[in-house]
Amino acid sequence: NEKSKIILLKNIFVYLNNKEKIQLITLNKQLKNNISKKIYKYLLKQKNTPVKTHMEIWKIFLNFKKLKEINKNMYENFKKDMDNSSTKEKYQKIFKIIEVDINRTEFIHTKQKGLIATNNILKSLQLYNIESNYCQGMNYMAAYLYQNTLNEEDSFYIILGLFTTKKFSSIFQKGMSKLKTYFTLIDKLIYLYIPKIYFHFKKNQIVPDFFLSPYFITLFTHIYPYIQEKDNIFILRVWDDFIINGWKSIFEVILALIKIKEKYILSLEGDELVDYLVNKINKDDIFRNKNYDKFDLMKKNFVVTNELINYIEEEIKLGMKIKKKLNYQ
């Protein structure tokens, strides 16, 4: 039966080498369907699981194969189209922003091939006419993926999968209203889980969007330039959780990060606190592989359910309605 198959597959994984694991999860559709999310989670959590295996599993959850089949030759066509004079004219402003961002993406700026690939990925996403326009920070995502896949088309479809299957694009739509809601939501979660930090932020007039925007927009890839650590576990695990569990996982990661640094954050005031949150926390050693176990242990203390998120979002909407009504009167 199905339960027996899952138990059997889970035990088989223990005895396979990395190449065999990849072959097994990509073997055929029927076998893929028999491997539950629990099996994928189990494989992703193993310390010796290579980056390539992580990304093969991401592709499964992001409907990567189906996206490529539906949009056959699309990426190559986009690469050709972006050099057309009419396309350049139509997207002149946004293409210029992309080029500027790419040139300051620290971990690829010395690698010409990486610059070209990241340029192609980001401009192709714009040509795809996704629901949201390019946003500064996507350059880190594209560069990070290319750095680890060395395949720009795969990187393009992974990001496209995030936009189409995980609703990543929701935070960029309609004046970024969803992202603003998430900032209010994380503020309320900090109040619930780490009240000392909440009141310390209020005292120093710190609001979450003041320093948390990059974590949402880049899915933590903005920290990669400061780490430059091969096969960084932290970013891989953030993406693992987001691809499997959605936005609630990002809230849990942020809460764990703030809790770990709670004592130090509480020791800072004014400009020192602002400087740390905006410029220095991104470079903290907590993001390195050697400290990941400590972070993972802390993260287990924060369980943000979809029900809790929905409840707080409804509360936020109600508050906005009341405020609007009072202003109207």
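This report concerns the structure included in the present document. Since the structure is predicted, the reported quantities are computational estimates derived from the model, not experimental observations. (Residues numbered from 1 in each chain as written. Predicted model: local features only at pLDDT ≥ 70, side-chain atom pairs only at ≥ 80, totals over all residues. Heavy atoms only, no water.)

## Points about the overall build of the protein chain
The helix and strand inventory of the protein chain stands at 22 helices and zero strands. For the protein chain, whose C-alpha radius of gyration is 21 Å, the value lies close to the compact-globule estimate of 20 Å for 329 residues. If you line up the protein chain on its principal axes, its C-alpha atoms span 55 × 55 × 45 Å. Within the span of the protein chain, comprising 329 residues, buried residues form 50% of the whole. (Helix = DSSP H or I, 4+ residues; strand = E, 2+ residues; numbered from the N terminus. Rg over C-alpha atoms; globule rule 2.2 N^0.38 Å. Buried < 20%, exposed > 50% of the residue type's maximum accessible area, 1.4 Å probe, protein only.)

## Points about helix H11 (residues 138–149)
Between the first and last C-alpha of H11 there are 17 Å, a value that for twelve residues agrees with the 16 Å anticipated at 1.5 Å per step. Phi turns positive, to about 55°, at Leu150, one or two residues after H11. (Expected span 1.5 Å × (residues − 1).)

## Concerning the side chain of His54
Following the sequence through the fold, His54 ends up in helix H5 (residues 51–61). Accessibility expressed as a relative area gives 2% for His54, which makes it buried. Setting aside its immediate chain neighbours within four residues, His54 contacts Leu44, Thr49, Leu236, Arg237 and Asp240. (Contact = heavy atoms within 4.5 Å.)

## Here's the deal with the pattern of salt bridges
Counting across every chain of the model gives 17 salt bridges. Lys203 serves as the salt-bridge partner of Glu269, at 3.3 Å between the closest nitrogen and oxygen. Taken together, the residues span a long stretch of sequence, with Glu269 in the loop between helix H19 (262–266) and helix H20 (270–280) and Lys203 in helix H14 (residues 195–203) at a distance of 66 residues. By relative accessible area, Glu269 is classed as partly exposed at 36%. Among the salt bridges present, the one from Lys299 reaches Glu252, with a minimum N-O distance of 3.6 Å. On the criterion of sequence distance, the pair formed by Lys299 in helix H21 (residues 292–299) and Glu252 in helix H18 (residues 248–260) is long-range, its members being 47 residues apart. In this structure Glu252 comes out as buried when scored by relative accessible area, which is 9%. Ionic contacts of the salt-bridge type, sharing partners, join the residues Glu56, Lys59 and Asp154 into one network. (Salt bridge = Lys/Arg side-chain N within 4 Å of Asp/Glu carboxyl O.)

## Some thoughts on the environment of Ile322
Checked against the element boundaries, Ile322 lands in helix H22 (residues 306–328). Under the relative-accessibility criterion, Ile322 is labelled partly exposed at 45%. Considered as a pair, Ile322 and Ile206 are 116 residues apart in the sequence and their alpha carbons are 24 Å apart.

## Things to note about the nonpolar core
Phe168, Phe216, Trp239, Trp247 and Phe251 are the most contacted members of the largest nonpolar core, which totals 103 residues. If we ignore the near neighbours within four places in the chain, the residues touching Phe251 are Tyr182, Leu185, Ile186, Leu189, Phe216, Val304 and Ile309. (Core = buried A, V, L, I, M, F, W, Y, C linked by side-chain atoms within 4.5 Å.)

What is shown is where atoms sit, not what they do.
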